[in-house]
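Read off the chains here:
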Amino acid sequence: MKTRLLFLGPPGAGKGTQAARLCETNGMKHLSTGDLLRAEVAAGTALGQEAETVMNRGELVSDTLVLAIVENQMKSFSGGGWLLDGFPRTVPQAEALEPLLKDLNQPIQAVVLLELDDAVLIQRLLARGRADDNENVIRNRLEVYREKTAPLINFYRKKGLLLSVAADGSVEEITERISSTLI
Ligand code: B4P
């Protein structure tokens, strides 16, 4: 099974949910930039204070800030595999990731794109009810996704790494779909 992975997809597609399950079952390291940023916010660090306003507007935190966090976390990447969840989210982040992985000699094996209709995404996020989950902010996040993150679909398709998975249905069904594409 492929164990060096990226998860890509719109907000609410279930990246965090599925990444946690897959990593638990297969012993990979789960690196979620969303979780790392929320931990900085909760700890009240300078970085967290800077990130909080941006996240609550549904915008992306700056590439520089996110890259600093990721680079630090990647030091603990081992041969056991890893899953980058919600990172990269912009083309500059994807470009910056390349030399980091090259230095580690651990190339990406697959990019899993979770696909879901906007109406279901909005429903799921409203039900989740996080600080950045009100309707106006969600719509902004979807816009930001289309403009800044969706170009990564072609970026990774051209490299022959993209695997699309329908993200509708039960959590278990989707895990099953993802696992079977990674064999
Ligand atoms: P993230 O934390 O990455 O989260 P997300 O995109 O909102 O959600 P995800 O797709 O992980 O969905 P989840 O499993 O929770 O980003 C939050 C913010 O952080 C960004 O807007 C940005 O500001 C910042 N950020 C993060 N990474 C960044 C980066 N690289 N660069 C810049 N900024 C960055 O699922 C959503 C809900 O649906 C949950 O309640 C879940 O329980 C439910 N759900 C999941 N699967 C379901 C299913 N099959 N059926 C029904 N409900 C389901």
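It should be emphasised that the depicted structure is a prediction, and the values quoted were computed from it without experimental measurement.

Here is what the cut-offs are and how they apply
Residues numbered from 1 in each chain as written. Predicted model: local features only at pLDDT ≥ 70, side-chain atom pairs only at ≥ 80, totals over all residues. Heavy atoms only, no water. Near = heavy atom within 4 Å. Polar contact = N/O pair within 3.5 Å; in protein donor to acceptor, adjacent residues only side chain to side chain. Areas by Shrake-Rupley, 256 points an atom, 1.4 Å probe, with all protein chains shown as cover. 1 Å grid on protein atoms, 1.4 Å probe; cavity = no way out; pocket = protein on both sides within 12 Å on 5 of 7 lines; lining within 4 Å. Sits in = over half its atoms within 2 Å of the grid points. Helix = DSSP H or I, 4+ residues; strand = E, 2+ residues; numbered from the N terminus. Nonpolar A, V, L, I, M, F, W, Y, C, P; charged D, E, K, R; others polar. Buried < 20%, exposed > 50% of the residue type's maximum accessible area, 1.4 Å probe, protein only. Contact = heavy atoms within 4.5 Å. Points joined across faces, edges and corners; volume = space filled by probe spheres on them. Core = buried A, V, L, I, M, F, W, Y, C linked by side-chain atoms within 4.5 Å.

Engineer: Whenever I open this one, the site of the ligand confuses me. Can you help?
Structural biologist: Around the ligand, a shell composed of 30 residues is seen, among which T17, T33, E59, R128 and R141 lie nearest. Here an oxygen atom of the ligand sits 2.7 Å away from a polar atom, N or O, in the side chain of R128. Look at the ligand: alone it shows 1000 Å² of surface, and the protein chains cover 85% of it. In this structure, the ligand is accommodated by the largest pocket. The set of elements that each furnish at least two residues to the shell around the ligand consists of α1 (15-26), α2 (33-43), α6 (118-128) and α9 (171-181). Counted by class, the shell around the ligand contains 11 nonpolar, 10 polar and nine charged residues.

Engineer: Explanation requested: the side chain of D133 in the structure shown.
Structural biologist: Within the secondary structure layout, D133 lies in the loop between α6 and α7 (135-149). Judged by its relative accessible area of 5%, D133 is buried. Of the polar contacts made by the side chain of D133, one reaches the backbone nitrogen of R130; its length is 2.8 Å. For D133, the side chain forms a polar contact with the side chain of R141, separated by 2.9 Å. Dropping the residues within four chain positions of it, D133 is found in contact with L125, L126, R128, I138 and R141.

Engineer: Can you help me understand the layout of surface pockets in this one?
Structural biologist: Over the atoms, a rolling probe the size of a water molecule traces out where space has been left empty. Taken as a whole, the largest pocket encloses approximately 840 Å³ of empty space. Forming the walls of the largest pocket are 43 residues, and the residues nearest its centre are K15, R89, R128, R130 and R141. Mapped by element, the contributors of at least two residues to the lining of the largest pocket are β1 (4-8), α1, α2, α6, α7 and α9. Grouping the constituent residues of the lining of the largest pocket by class yields 17 nonpolar, 15 polar and 11 charged. Estimated volume of the second largest pocket: approximately 190 Å³. Considering the residues around the second largest pocket, the lining is formed by A94, L97, E98, L101, K102, N105, Q106, P107, I108, Y156, K159 and L161. Counting residues per element, the lining of the second largest pocket draws most heavily on helix α5 (residues 91-104), which supplies five residues. Across the lining of the second largest pocket, the residue classes break down as seven nonpolar, two polar and three charged.

Engineer: Looking at this structure, how should I read the nonpolar core?
Structural biologist: Generally speaking, a soluble globular protein has its nonpolar side chains buried in company with each other. Residues L97, I108 and Y156 are the most contacted members of the largest nonpolar core, which totals 32 residues. Taken together, the elements giving at least two residues each to this core come down to β1, α3 (46-56), α4 (63-74), β3 (82-85), α5, β4 (110-115) and α8 (151-158). Ranked by residue count, the leading element in this core is α4, at six residues. Beyond its immediate chain neighbours, meaning those up to four positions away, Y156 contacts L6, P88, A94, L97, I108, V111, L161 and L162. Judged by nonpolar contacts, the second largest core, of 22 residues, contains L5, A110, L114 and I122.

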